[in-house]
Amino acid sequence: MTTAPTSTAPTPSGPAPTPGSTPPPVRSGRRGVGAPLPLRAAAFLVALVCALPLVVVALKAFEAGAGDAFALVWRPRVGELLGNTVSLVVLTCVISTVLGVGAAWLVERTSLPGASFWRIALVAPLAVPAFVNSFAWSALVPGLEGLAGAVIVTSLSYFPFVFLPVAALLRSLDQGLEDAARALGLGPWRTFARVGLAQVRPALLGGVLLVALHLLAEYGALEMLRFPTFTTAILDQFEVAFDSRSGSVLAVVLMGIAVTVLTLELLARGRARHARVGSGTVRRATRTRLGRATSLALLGLTTLTALAIGVPAWSIGKWLSRADQAMEPANLGPTLWSTLALGLVAAVVTTVATFPAAWLIARSRSWFAVAVERVTYLAASLPGVVVALALITLTIGLVRPLYQTATVLVVAYVILFIPRAMVATRAAIAAVPPELGDAARTLGDRPVRAFLRVQLPLMLRGTMAGFALVFIAVTTELTATLLLAPTGTQTLATAFWDASASLDYAAAAPYAAALVVLSAPLTYLLLHGKNEEPLT
Amino acid sequence: MKTLQLSGITASHSGTPVLHGIDLVVPAGSTTAVLGPSGCGKTTLLRVVAGFLRPDAGHVRVGDDVVAGPGTWVAPEKRGLGYVAQEGNLFPHLDVAANISYGLPRRERRARARVDELLELVGLSGDLARRRPDQLSGGQQQRVALARALARRPRIVLLDEPFSALDPELRVATREAVAAALAHEQATVVLVTHDQAEALSFADQVAIMHEGRLTQVGAPVDVYRAPSDRRSAVSLGEACFLSGQLRDGVVTCALGALPAPLASGSGACEVIIRPEQLRLGDPAASPCVAEVTRTAFYGHDALVELRLDDHAGDRANVCARTLGSETPPIGSRVSVRVIGEPHVIAIHEAPSLATAETEPQN
Amino acid sequence: MTRRQMMILAAAAVTTLGLSACSSSLEATGELDASKLTIYSAQHKNLTEEWAREFQDKSGVKVQIRYGNDSSMGTQIVQEGASSPADVFLTENSPAMTTVQNAGLLAPVDAATVAQVGAEYVPSSKNWVGIAARSTVLVYNPSKISEAQLPKSLMDLAKPEFAGKWGAAAGGADFQAIASAVLATQGEAKTSEWLAALKSGAKIYQNNIATMKAVNAGQSPMGVIYHYYWYRDQALDKESSGNTKLHYFKNEDPGAFVSLSGGAVLKSSKHAADAQKFLAFITSKDGQQVLASTEAKEYAVGKGVASDPALPPLDSLQAPKIDPFTLTGPRVIELMTKAGIL
């Protein structure tokens, strides 16, 4: 998810007759060969598809004029939803940051025993969808609801989004800067706060952004916890009137919030760039000795994992043991199969779809490339139901044969989840030096062949993390699937939702268990699918 | 083995001009080193030749074929060139054998004989064939990169600072192995480097580049002995510059009257003397006496900075190279004697007030 | 072959396998199959499936079902218009059916089918028929509120003394049907007042089951739901209703409203004959018997079919005199939006 910054130690100068080695010449613009037109066209097409729902929603919202749209926005209910949404996002982001950074620091930078165990345990919550988690918590604590309930459950579900990139960065952090800070007289704690955190900032912001965007689009967990936000309100609108203008207006407001979040992240990131991997060796960070605090730290992490994975595991296990009476086992097979199939197809298509834009960004970073990337982010911040309704409108009106087919569902998944894969693909491409492609060309390969023989194989592993993220997201997607799935198709998530909506825990448990089992191996990929450092 | 010919090459990076009318002929089977500091445009020149960058104007000819010119553009993969970059750019996902055979036709890729032959050519053991690039040392990587480039028997081999990332000792050994392999293949070679020793020892022809222009092209000995200007002189090694007066084949400067039979004309001029041309001795031995102001000791030799005694109000500084064991102490007085002929540039027919100085070395 | 090459090969193999497998599997699991009779059902899944299974066994007609809820599915059919894939539409309440009827998308129901259903359950247009009925009830937790303290009317819940003491699934179609009954009997002003009280004084739950469970758990003393959720749970393990009792408002109170579930055949149906057959089946004695014999616990509306004996007879409920065929959704939704519930 992040590229580790490493500093190139200056080589000591040799004897005078041979001048000391100087840094290699900067090879700036690689536009000599230029970004091929088909690549730009492909990136544009992807952005266009992602932008379609935005356009449809905006048109729908302003169909009856701006005044009418304003009247729908300017009412107490919208204020209430805004307050709820903002307080949820702020609180959960803060708590996720504290939990994620704290845990990452304990695991990667202290003498805490069992780091490799904790690394897995603290990513594992990602295998439990938030709405399954809320189901588990509701079953355990029936009164859990409202802001408190929503913040607790979403924080426990989403903090790994912060933990994962921050831990990866802390693990690869160069000790040099921190040593320098220590030498300047800062204590270990202040050193971490002033130097470590500063270096961690891009990774932290990336993680917090993910949490915020997830929260904006979260439906299942919040509905179950009786905490209305824009997304649940849009769903309510959908339920009362399918494709209502009021729903579209709410969606436009939600887009505004998403734009705000994206802009804030961009501003906070400032000029901090991902440093290129240099050839100098990274000095492994020294770990802070915890001493007597060890047991306290262990207790903290144990509590965190118990709450984040223990509760859902216990809850699902308990209801699973009573499932035999409620469950028609015949259903689980086909449901699992269609979930698997949809997840695989959508993950492959999404990963492939990221390539043009990711390539452009990693290689040239033109305004066009950045615009394409931001458009995909924006579309993906819409709740599934909005994208689904836009696609329904489009397919009913324009491409009727596609209406209610799996193809449209896959398109929706691509729109919703492309940023997850984009981040990974970008990093994977950036990690492969463009010079390798040049080398292949001087060895007689045409550009496409050079890509297939050299660059693609090198990028493949890096893109796996994105693939995994999309797969998990698809298997747990709820609202778009409910609307767009072909008649008769259900996924584990929708089947779980059907059962859990009637609070039939026993019937829901097998689907929840299947969801977790399906997602679990992919957390491994998230941990180990990182790019190998390029040879330098 | 083909002649490489560049004429009037102008090129730019994202709108900024980098090369301004480069003319260069690399005769078939010979080696030319393009020498210049970072950012002078030498890598850009190589990328133009390789086909990664289109020149704005000018021609690139390989043998009789124009590969780049107005209306003509041959893709890199069709130019039949070998290219070795500073980092080697071995494919990390392929082992050594697969890297070397990468450019070969499919059926030849399986044959180990060619891989072994190439490994031997670059002075590596056949045992390395199954290693992955990250299991090789830097020098080995560069040699494998060369073997990979040579596998297709390129007409011309381009080397982009291939040794600069290596440790000094490894640099020399690798350079010698590469030179031997290239000689064996009788390839036409262009080496881009900022290392004067590398350029002088490796090449049949040195081209000095400065801010996108070639300032001097010639055989290493000629360019070293007779630089066309201060910059050329400095880029090939330490040099002292003194102002002088040339008349009838004798140049008069702070070091006295020195014979300069090759210089023609008369008037104010600039005299270039290499530190190794100065011999130090007992102050009584010569009329030209100086005080040691600084020394830099390198072990095998040393550079000694000297302030020449007042010479008609002109306190000139020069720099001499001595054996390390004979480094004089700072503050001591020595006599200075010039061996061989000084090189005279910038002759102005009108006499002018002379100032002498020592060009600082990088 | 290097480890990396093997990984790439494996990844490629998995991808290819996955892609080919799922294209076939998606075919199998539900790429819209035009040869099947397509039912858009807002009714409960168990009930719809029971009807579909029996119908399939009897007629040999293959059936596929798309689930949704009243309002959204009704609007969806309107948006799909003449090319809707739906052949049959089943609702839980009448307003959504009225929406589709007003859009002119319903075909007349076969006379024989109409004849199977009580006349009071068929609109004059005869474009759809009632297929089941359900009654509004107040579920309460006696440990939190005594029977004597209960409101006399659904409208009384708006009184300050009940603020914070009741819950409802206000976002759902069921509640909107109840609200439309309030509108039909009390007029707009009183309805708005009542909805405002709901907004400020009631807990809003995800659905009727969640409402009932909350009452059962004592989180909310009272809840407005439909009757069958309670009877269904009572017939099972009483896990969600064991601590609760039902209160019927009777007296033609809006809280005694009986809602009519509907069934209709789409004008655009390409399997009109089979669709009519299906409608005929679910309103037949066999079809209506499903309501009584399974855990559905909804009231039967077919002539000569008795409802589940556990339920109080439909005519004992003293429901308000409301014409179910005039109830519509949009106005209620407007009022609820104004009240800030939606």
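Residues numbered from 1 in each chain as written. Chains lettered and ligands numbered in written order. Predicted model: local features only at pLDDT ≥ 70, side-chain atom pairs only at ≥ 80, totals over all residues.

Let's talk about the overall build of chain C
(1) Moving on: Helix and strand content of chain C: 11 helices and 10 strands.
(2) Moving on: Oriented by its inertia axes, the alpha-carbon framework of chain C measures out at about 80 × 60 × 40 Å.
(3) Moving on: Taken across its 342 residues, chain C has 56% of its residues classed as buried.
(4) Moving on: For chain C, the proportion of contacts with a sequence separation of at least 24, taken over those separated by at least 6, is 76%. (Helix = DSSP H or I, 4+ residues; strand = E, 2+ residues; numbered from the N terminus. Buried ≥ 20, exposed ≤ 12 C-beta atoms within 10 Å, placed from the backbone. Contact = placed C-beta atoms within 7 Å.)

Here we look at the pairing of strand β10 (residues 205-210) of chain B
Residue and element names in this part refer to chain B.
(1) Moving on: Of all 6 residues making up β10, 5 are buried, and the element is well covered by its neighbours.
(2) Moving on: Examined bridge by bridge, strand β3 (residues 31-35) and β10 share 4 bridges and lie parallel to one another. In the sheet register, Ala 33 faces β10, and the bridge partner there is Val 206.
(3) Moving on: Strand direction decides the pairing type here: β10 and strand β11 (residues 213-218), joined by 5 bridges, are antiparallel. Residue pairing in the sheet places Ala 207 in a bridge with Val 217 of β11.
(4) Moving on: What sits between β10 and β11 in their antiparallel hairpin is a turn of 2 residues, with Glu 211 showing a positive phi close to 45°. (Pairing = 2+ DSSP bridges.)

Things to note about the sheet that holds strand β8 (residues 156-160) of chain B
Residue and element names in this part refer to chain B.
(1) Moving on: Across the sheet, which stays open at both edges, the 6 strands sit in the order β7-β8-β9-β3-β10-β11 with mixed pairing between neighbours. One side of each edge strand has no neighbouring strand; the edge strands of this open sheet are β7 (81-84) and β11. Strand-to-strand twist in this sheet, taken as the mean axis angle between neighbours without regard to direction, amounts to 15°. (Axes fitted to C-alpha atoms, helices over the stretch in contact; angles between N-to-C directions.)

Some points on the nonpolar core
(1) Moving on: Grouped together as the largest cluster of nonpolar side chains are 287 residues, with contacts concentrated most on A:Val166, A:Ala412, A:Phe496, A:Ala512 and B:Val190.
(2) Moving on: Examining the composition of this core, we find that 20 residues originate from one element, helix α16 (residues 406-430) of chain A, more than from any other.
(3) Moving on: In this view, B:Val190 contacts B:Leu4, B:Val26, B:Thr32, B:Val34, B:Leu46, B:Val49, B:Leu158 and B:Leu159; residues no more than four positions away in its chain are not counted.
(4) Moving on: Counting residues in each nonpolar core, the second largest holds 105 residues, with C:Tyr40, C:Ala197, C:Trp230 and C:Leu335 among its members. (Core = buried A, V, L, I, M, F, W, Y, C linked by C-beta atoms within 7 Å.)

Focus on the domain arrangement of chain C
All names here are of chain C.
(1) Moving on: The domain boundaries assigned to chain C delineate domain 1 (37-132 + 260-312) and domain 2 (134-257 + 330-338).
(2) Moving on: Between the C-alpha centres of domain 1 and domain 2 the distance comes to 26 Å.
(3) Moving on: Each side of the interface is counted separately: domain 1 has 16 residues, and domain 2 has 10 residues.
(4) Moving on: Every element with two or more residues in the side of domain 1 that touches domain 2 is listed here: α3 (70-80) and α4 (94-102).
(5) Moving on: Residue composition of the side of domain 1 that touches domain 2, by class: 8 nonpolar, 3 polar and 5 charged. (Domains from an automatic or database assignment. Nonpolar A, V, L, I, M, F, W, Y, C, P; charged D, E, K, R; others polar.)

Remarks on the confidence of the model for chain B
All names here are of chain B.
(1) Moving on: Chain-level statistics for chain B give a pLDDT mean of 86 and a share of 94% at 70 or above.
(2) Moving on: For chain B, per-element mean pLDDT is lowest for strand β21 (residues 343-348), which scores 77, and highest for β3, which scores 94.
(3) Moving on: Throughout residues 351-362 the model reports pLDDT below 50, and contacts reaching past four residues in sequence, or to other chains, amount to 27 contacts. (pLDDT = per-residue confidence, 0-100.)

Considering unusual backbone geometry
All names here are of chain C.
(1) Moving on: Positive phi, close to 50°, is recorded for Lys 250, a residue that is not glycine.
(2) Moving on: Topologically, Lys 250 is positioned in the loop between β9 (245-247) and β10 (258-266).
(3) Moving on: Non-glycine residue Glu 252 carries a positive phi angle of around 55°.
(4) Moving on: With respect to the helices and strands, the residue Glu 252 is situated in the loop between β9 and β10.

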